[in-house]
Amino acid sequence: MTGGTAAGAAAGAPGYATYALAVCAGVAAWLAVGQDQGLRRARVLFVDGVGERSSRSIRERALVWFRAMFRGRREWCCLPVALVVAVLGESVLPVVAGAVAVPLVRRWLRKRAGRREREHRADAVVALCGAVVGELRAGHEPGQALLVAVRGTGVLGAAEAAVSAAARFGGDVPAALGQAALEPGLEGLAGVAACWRVAVDGGAGLATGLDRLEGALRAERRRREELRAQLAGAWSTVAVLALLPVLGLGLGAALGADPLRVLLHGPAGLACLVVGGLLETAGLLWAGRIVGAGEAP
(Lines give C-alpha, C1' and ligand atoms only; values in the text may rest on other atoms or scores of the structure.)
Protein backbone atom coordinates (compact mmCIF):
# COMPACT_ATOMS: atom_id res chain seq x y z
CA MET A 1 0.00 0.00 0.00
CA THR A 2 2.83 2.35 0.88
CA GLY A 3 4.58 1.70 -2.42
CA GLY A 4 1.32 2.29 -4.33
CA THR A 5 0.72 5.56 -2.50
CA ALA A 6 4.24 6.76 -3.23
CA ALA A 7 3.88 5.82 -6.88
CA GLY A 8 0.58 7.70 -7.10
CA ALA A 9 2.12 10.75 -5.50
CA ALA A 10 5.05 10.61 -7.90
CA ALA A 11 2.68 10.25 -10.82
CA GLY A 12 0.64 13.25 -9.66
CA ALA A 13 3.71 15.46 -9.21
CA PRO A 14 3.68 16.78 -12.82
CA GLY A 15 0.05 17.76 -12.38
CA TYR A 16 0.84 19.79 -9.29
CA ALA A 17 3.86 21.31 -11.02
CA THR A 18 1.66 22.35 -13.94
CA TYR A 19 -0.88 23.78 -11.52
CA ALA A 20 1.81 25.82 -9.72
CA LEU A 21 3.24 27.07 -13.02
CA ALA A 22 -0.17 28.21 -14.22
CA VAL A 23 -0.87 30.01 -10.94
CA CYS A 24 2.53 31.75 -11.00
CA ALA A 25 2.05 32.83 -14.63
CA GLY A 26 -1.38 34.25 -13.93
CA VAL A 27 -0.28 36.11 -10.82
CA ALA A 28 2.77 37.54 -12.59
CA ALA A 29 0.66 38.78 -15.48
CA TRP A 30 -1.86 40.28 -13.09
CA LEU A 31 0.82 42.13 -11.16
CA ALA A 32 2.60 43.32 -14.30
CA VAL A 33 -0.57 44.75 -15.79
CA GLY A 34 -2.48 46.36 -13.02
CA GLN A 35 -0.41 46.91 -9.93
CA ASP A 36 0.31 50.63 -10.15
CA GLN A 37 -2.96 51.86 -11.58
CA GLY A 38 -4.92 49.38 -9.50
CA LEU A 39 -3.37 50.70 -6.30
CA ARG A 40 -4.09 54.30 -7.27
CA ARG A 41 -7.67 53.58 -8.18
CA ALA A 42 -8.22 51.49 -5.09
CA ARG A 43 -6.83 54.32 -2.98
CA VAL A 44 -9.18 56.80 -4.63
CA LEU A 45 -12.14 54.48 -4.21
CA PHE A 46 -11.58 53.23 -0.67
CA VAL A 47 -9.47 55.86 1.08
CA ASP A 48 -10.48 59.22 -0.31
CA GLY A 49 -14.15 58.33 -0.41
CA VAL A 50 -14.56 56.55 2.93
CA GLY A 51 -17.09 58.99 4.29
CA GLU A 52 -19.12 59.07 1.10
CA ARG A 53 -19.16 55.30 0.49
CA SER A 54 -19.23 54.03 4.04
CA SER A 55 -22.73 52.65 3.58
CA ARG A 56 -21.81 50.44 0.64
CA SER A 57 -21.49 46.75 1.17
CA ILE A 58 -18.28 44.81 0.66
CA ARG A 59 -19.70 43.24 -2.46
CA GLU A 60 -20.43 46.60 -4.06
CA ARG A 61 -16.95 47.90 -3.23
CA ALA A 62 -15.36 44.80 -4.66
CA LEU A 63 -17.37 45.23 -7.86
CA VAL A 64 -16.36 48.88 -8.17
CA TRP A 65 -12.72 47.98 -7.54
CA PHE A 66 -12.86 45.22 -10.17
CA ARG A 67 -14.31 47.60 -12.74
CA ALA A 68 -11.66 50.20 -11.91
CA MET A 69 -8.90 47.62 -12.31
CA PHE A 70 -10.04 46.57 -15.78
CA ARG A 71 -11.28 49.93 -17.06
CA GLY A 72 -9.51 50.65 -20.32
CA ARG A 73 -7.84 47.20 -20.48
CA ARG A 74 -10.65 44.69 -20.58
CA GLU A 75 -8.62 42.46 -22.87
CA TRP A 76 -6.57 41.35 -19.86
CA CYS A 77 -9.63 39.51 -18.54
CA CYS A 78 -8.53 36.71 -20.88
CA LEU A 79 -5.70 35.80 -18.51
CA PRO A 80 -7.81 35.08 -15.39
CA VAL A 81 -10.22 33.01 -17.51
CA ALA A 82 -7.32 31.14 -19.06
CA LEU A 83 -5.84 30.59 -15.60
CA VAL A 84 -9.08 29.02 -14.37
CA VAL A 85 -9.22 26.71 -17.39
CA ALA A 86 -5.53 25.83 -16.89
CA VAL A 87 -6.17 24.91 -13.27
CA LEU A 88 -9.20 22.81 -14.14
CA GLY A 89 -7.43 21.07 -17.03
CA GLU A 90 -4.02 20.86 -15.30
CA SER A 91 -2.24 22.23 -18.37
CA VAL A 92 -0.39 25.39 -19.32
CA LEU A 93 -1.88 25.46 -22.83
CA PRO A 94 -4.88 27.59 -21.80
CA VAL A 95 -2.51 30.17 -20.31
CA VAL A 96 -0.61 30.31 -23.60
CA ALA A 97 -3.87 30.63 -25.51
CA GLY A 98 -5.01 33.40 -23.15
CA ALA A 99 -1.75 35.30 -23.72
CA VAL A 100 -2.21 34.98 -27.49
CA ALA A 101 -5.83 36.13 -27.20
CA VAL A 102 -4.94 39.36 -25.38
CA PRO A 103 -3.67 41.32 -28.44
CA LEU A 104 -6.49 39.93 -30.60
CA VAL A 105 -9.14 40.99 -28.11
CA ARG A 106 -7.42 44.38 -27.73
CA ARG A 107 -7.58 44.88 -31.49
CA TRP A 108 -11.27 43.94 -31.56
CA LEU A 109 -12.08 46.28 -28.67
CA ARG A 110 -10.23 49.15 -30.34
CA LYS A 111 -12.07 48.50 -33.59
CA ARG A 112 -15.41 48.57 -31.79
CA ALA A 113 -14.43 51.73 -29.89
CA GLY A 114 -13.41 53.35 -33.17
CA ARG A 115 -16.76 52.48 -34.70
CA ARG A 116 -18.59 54.00 -31.75
CA GLU A 117 -16.42 57.11 -31.96
CA ARG A 118 -17.23 57.50 -35.67
CA GLU A 119 -20.93 57.20 -34.96
CA HIS A 120 -20.66 59.74 -32.15
CA ARG A 121 -18.88 62.21 -34.42
CA ALA A 122 -21.45 61.64 -37.17
CA ASP A 123 -24.21 62.49 -34.68
CA ALA A 124 -22.24 65.57 -33.66
CA VAL A 125 -22.16 66.71 -37.30
CA VAL A 126 -25.97 66.56 -37.32
CA ALA A 127 -26.03 68.63 -34.13
CA LEU A 128 -23.58 71.07 -35.71
CA CYS A 129 -25.89 71.62 -38.67
CA GLY A 130 -28.83 72.27 -36.37
CA ALA A 131 -26.79 74.67 -34.24
CA VAL A 132 -25.62 76.67 -37.28
CA VAL A 133 -29.18 76.87 -38.60
CA GLY A 134 -30.39 78.14 -35.23
CA GLU A 135 -27.68 80.79 -35.04
CA LEU A 136 -28.37 81.93 -38.61
CA ARG A 137 -32.08 82.28 -37.97
CA ALA A 138 -31.28 84.20 -34.80
CA GLY A 139 -29.63 86.88 -36.97
CA HIS A 140 -25.93 86.00 -36.74
CA GLU A 141 -23.52 86.14 -39.66
CA PRO A 142 -22.50 82.76 -41.16
CA GLY A 143 -18.94 82.95 -39.83
CA GLN A 144 -20.07 83.88 -36.33
CA ALA A 145 -22.78 81.20 -36.40
CA LEU A 146 -20.22 78.57 -37.34
CA LEU A 147 -17.87 79.71 -34.57
CA VAL A 148 -20.59 79.44 -31.95
CA ALA A 149 -21.71 76.02 -33.24
CA VAL A 150 -18.18 74.62 -33.36
CA ARG A 151 -17.48 75.71 -29.79
CA GLY A 152 -20.76 74.20 -28.65
CA THR A 153 -20.29 70.73 -30.15
CA GLY A 154 -16.52 70.22 -30.27
CA VAL A 155 -16.98 67.87 -33.22
CA LEU A 156 -14.06 68.91 -35.39
CA GLY A 157 -11.28 67.80 -33.08
CA ALA A 158 -7.89 68.61 -34.57
CA ALA A 159 -9.45 70.50 -37.49
CA GLU A 160 -11.35 72.88 -35.21
CA ALA A 161 -8.52 75.42 -35.14
CA ALA A 162 -8.34 75.66 -38.96
CA VAL A 163 -12.11 75.96 -39.39
CA SER A 164 -12.42 78.51 -36.59
CA ALA A 165 -9.59 80.60 -38.04
CA ALA A 166 -11.16 80.53 -41.51
CA ALA A 167 -14.56 81.55 -40.12
CA ARG A 168 -13.14 84.29 -37.87
CA PHE A 169 -10.77 85.93 -40.37
CA GLY A 170 -12.70 85.45 -43.61
CA GLY A 171 -10.70 82.52 -44.94
CA ASP A 172 -11.76 79.64 -47.16
CA VAL A 173 -14.34 78.02 -44.91
CA PRO A 174 -15.50 75.39 -47.46
CA ALA A 175 -11.92 74.22 -47.96
CA ALA A 176 -11.37 73.95 -44.19
CA LEU A 177 -14.63 72.03 -43.80
CA GLY A 178 -13.71 69.74 -46.70
CA GLN A 179 -10.36 69.00 -45.09
CA ALA A 180 -12.08 68.18 -41.81
CA ALA A 181 -14.52 65.88 -43.65
CA LEU A 182 -11.62 63.55 -44.47
CA GLU A 183 -11.50 62.37 -40.86
CA PRO A 184 -13.52 59.25 -39.92
CA GLY A 185 -17.04 60.09 -38.85
CA LEU A 186 -16.98 63.66 -40.19
CA GLU A 187 -18.00 62.85 -43.76
CA GLY A 188 -21.15 64.94 -43.31
CA LEU A 189 -19.02 68.08 -43.19
CA ALA A 190 -18.51 67.69 -46.93
CA GLY A 191 -22.20 68.52 -47.33
CA VAL A 192 -21.79 71.52 -45.02
CA ALA A 193 -18.89 72.72 -47.19
CA ALA A 194 -20.99 72.31 -50.35
CA CYS A 195 -23.88 74.29 -48.84
CA TRP A 196 -21.48 76.99 -47.73
CA ARG A 197 -19.89 77.24 -51.17
CA VAL A 198 -23.27 77.43 -52.94
CA ALA A 199 -24.49 80.09 -50.50
CA VAL A 200 -21.39 82.21 -51.01
CA ASP A 201 -21.09 81.83 -54.80
CA GLY A 202 -24.74 81.69 -55.80
CA GLY A 203 -26.39 83.71 -53.06
CA ALA A 204 -28.64 80.86 -51.93
CA GLY A 205 -29.87 80.62 -48.36
CA LEU A 206 -27.33 78.85 -46.17
CA ALA A 207 -29.87 78.11 -43.44
CA THR A 208 -32.20 76.36 -45.91
CA GLY A 209 -29.43 74.20 -47.31
CA LEU A 210 -28.13 73.21 -43.91
CA ASP A 211 -31.65 72.47 -42.73
CA ARG A 212 -32.14 70.05 -45.62
CA LEU A 213 -28.72 68.53 -45.01
CA GLU A 214 -29.59 67.99 -41.35
CA GLY A 215 -32.79 66.21 -42.35
CA ALA A 216 -30.88 63.96 -44.75
CA LEU A 217 -28.27 63.09 -42.14
CA ARG A 218 -30.96 62.34 -39.56
CA ALA A 219 -32.74 60.08 -42.06
CA GLU A 220 -29.48 58.25 -42.73
CA ARG A 221 -28.89 57.77 -39.00
CA ARG A 222 -32.46 56.51 -38.55
CA ARG A 223 -31.99 54.04 -41.40
CA ARG A 224 -28.76 52.79 -39.83
CA GLU A 225 -30.40 52.28 -36.47
CA GLU A 226 -33.34 50.41 -38.00
CA LEU A 227 -30.99 48.17 -39.95
CA ARG A 228 -28.97 47.45 -36.82
CA ALA A 229 -32.15 46.55 -34.93
CA GLN A 230 -33.14 44.14 -37.70
CA LEU A 231 -29.69 42.51 -37.61
CA ALA A 232 -29.69 42.13 -33.84
CA GLY A 233 -31.30 38.70 -34.17
CA ALA A 234 -28.58 37.57 -36.56
CA TRP A 235 -25.85 38.75 -34.19
CA SER A 236 -27.58 36.87 -31.36
CA THR A 237 -27.52 33.71 -33.46
CA VAL A 238 -23.80 34.15 -34.09
CA ALA A 239 -23.17 34.60 -30.36
CA VAL A 240 -25.17 31.46 -29.53
CA LEU A 241 -23.24 29.44 -32.11
CA ALA A 242 -19.98 30.72 -30.64
CA LEU A 243 -20.99 29.54 -27.16
CA LEU A 244 -22.07 26.05 -28.24
CA PRO A 245 -18.58 24.50 -27.78
CA VAL A 246 -18.42 25.92 -24.25
CA LEU A 247 -21.85 24.44 -23.56
CA GLY A 248 -20.64 21.11 -24.88
CA LEU A 249 -17.66 21.16 -22.53
CA GLY A 250 -19.94 21.98 -19.63
CA LEU A 251 -22.30 19.11 -20.46
CA GLY A 252 -19.38 16.72 -20.80
CA ALA A 253 -18.03 17.77 -17.41
CA ALA A 254 -21.50 17.38 -15.87
CA LEU A 255 -21.68 13.83 -17.20
CA GLY A 256 -18.27 13.01 -15.73
CA ALA A 257 -16.42 12.71 -19.04
CA ASP A 258 -13.68 15.23 -18.05
CA PRO A 259 -13.42 16.83 -21.54
CA LEU A 260 -10.59 19.20 -20.57
CA ARG A 261 -8.31 16.29 -19.69
CA VAL A 262 -9.20 14.56 -22.95
CA LEU A 263 -8.51 17.69 -25.02
CA LEU A 264 -5.36 18.86 -23.22
CA HIS A 265 -3.63 15.55 -22.42
CA GLY A 266 -3.28 13.45 -25.52
CA PRO A 267 -2.45 13.76 -29.21
CA ALA A 268 -5.97 12.90 -30.37
CA GLY A 269 -7.52 15.46 -28.01
CA LEU A 270 -5.03 18.15 -29.04
CA ALA A 271 -5.72 17.46 -32.69
CA CYS A 272 -9.47 17.75 -32.10
CA LEU A 273 -8.90 20.96 -30.14
CA VAL A 274 -6.83 22.55 -32.91
CA VAL A 275 -9.17 21.51 -35.71
CA GLY A 276 -12.23 22.56 -33.72
CA GLY A 277 -10.69 25.90 -32.85
CA LEU A 278 -9.85 26.59 -36.49
CA LEU A 279 -13.35 25.64 -37.64
CA GLU A 280 -14.91 27.75 -34.87
CA THR A 281 -12.80 30.76 -35.84
CA ALA A 282 -13.57 30.34 -39.53
CA GLY A 283 -17.29 30.04 -38.81
CA LEU A 284 -17.34 33.14 -36.63
CA LEU A 285 -15.40 35.17 -39.19
CA TRP A 286 -17.68 34.01 -41.98
CA ALA A 287 -20.87 34.72 -40.05
CA GLY A 288 -19.54 38.07 -38.85
CA ARG A 289 -18.64 39.06 -42.38
CA ILE A 290 -22.10 38.14 -43.66
CA VAL A 291 -23.88 40.07 -40.95
CA GLY A 292 -21.41 42.96 -41.16
CA ALA A 293 -22.01 43.25 -44.89
CA GLY A 294 -25.65 43.92 -44.12
CA GLU A 295 -24.65 46.84 -41.91
CA ALA A 296 -22.39 48.40 -44.51
CA PRO A 297 -23.71 51.64 -46.03
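Everything numeric in this text was worked out from a predicted model, so none of it was measured.

Caption draft 1: Molecular detail of the pattern of salt bridges. Applying the stated criterion to the full structure yields nine salt bridges. Between Arg261 and Glu90 there is a salt bridge, and its shortest N-O distance comes to 2.9 Å. In this pair, Arg261 sits in helix H10 (residues 259-264) while Glu90 sits in the loop between helix H3 (78-89) and helix H4 (93-137), placing the two residues 171 residues apart along the sequence. The class for Arg261 is partly exposed, based on a relative accessible area of 39%. A residue is classified by how much of its surface remains accessible, and Glu90, at 31% relative accessible area, is partly exposed. Between Arg221 and Asp123 there is a salt bridge, and its shortest N-O distance comes to 3.4 Å. Of this pair, Arg221 sits in helix H9 (residues 206-254) while Asp123 sits in helix H4; the two residues are 98 residues apart in sequence, bridging distant segments of the chain. Classification of Asp123 as partly exposed rests on a relative accessible area of 28%. The structure contains a network of salt bridges with shared partners spanning Glu90, Asp258 and Arg261.

Caption draft 2: Main features of the nonpolar core. Ranked by size, the top nonpolar core spans 31 residues in total, and within it Val132, Leu146, Leu189 and Leu210 carry the most contacts. Listing elements by their share of this core, those giving two or more residues are H4, helix H5 (142-153), helix H6 (160-169), helix H7 (173-180), helix H8 (189-202) and H9. Excluding its chain neighbours within four sequence positions, the residues that come into contact with Leu210 are Cys129, Val132, Val133, Leu136, Val192 and Cys195.

Conventions used here
- Residues numbered from 1 in each chain as written.
- Predicted model: local features only at pLDDT ≥ 70, side-chain atom pairs only at ≥ 80, totals over all residues.
- Heavy atoms only, no water.
- Salt bridge = Lys/Arg side-chain N within 4 Å of Asp/Glu carboxyl O.
- Helix = DSSP H or I, 4+ residues; strand = E, 2+ residues; numbered from the N terminus.
- Buried < 20%, exposed > 50% of the residue type's maximum accessible area, 1.4 Å probe, protein only.
- Core = buried A, V, L, I, M, F, W, Y, C linked by side-chain atoms within 4.5 Å.
- Contact = heavy atoms within 4.5 Å.

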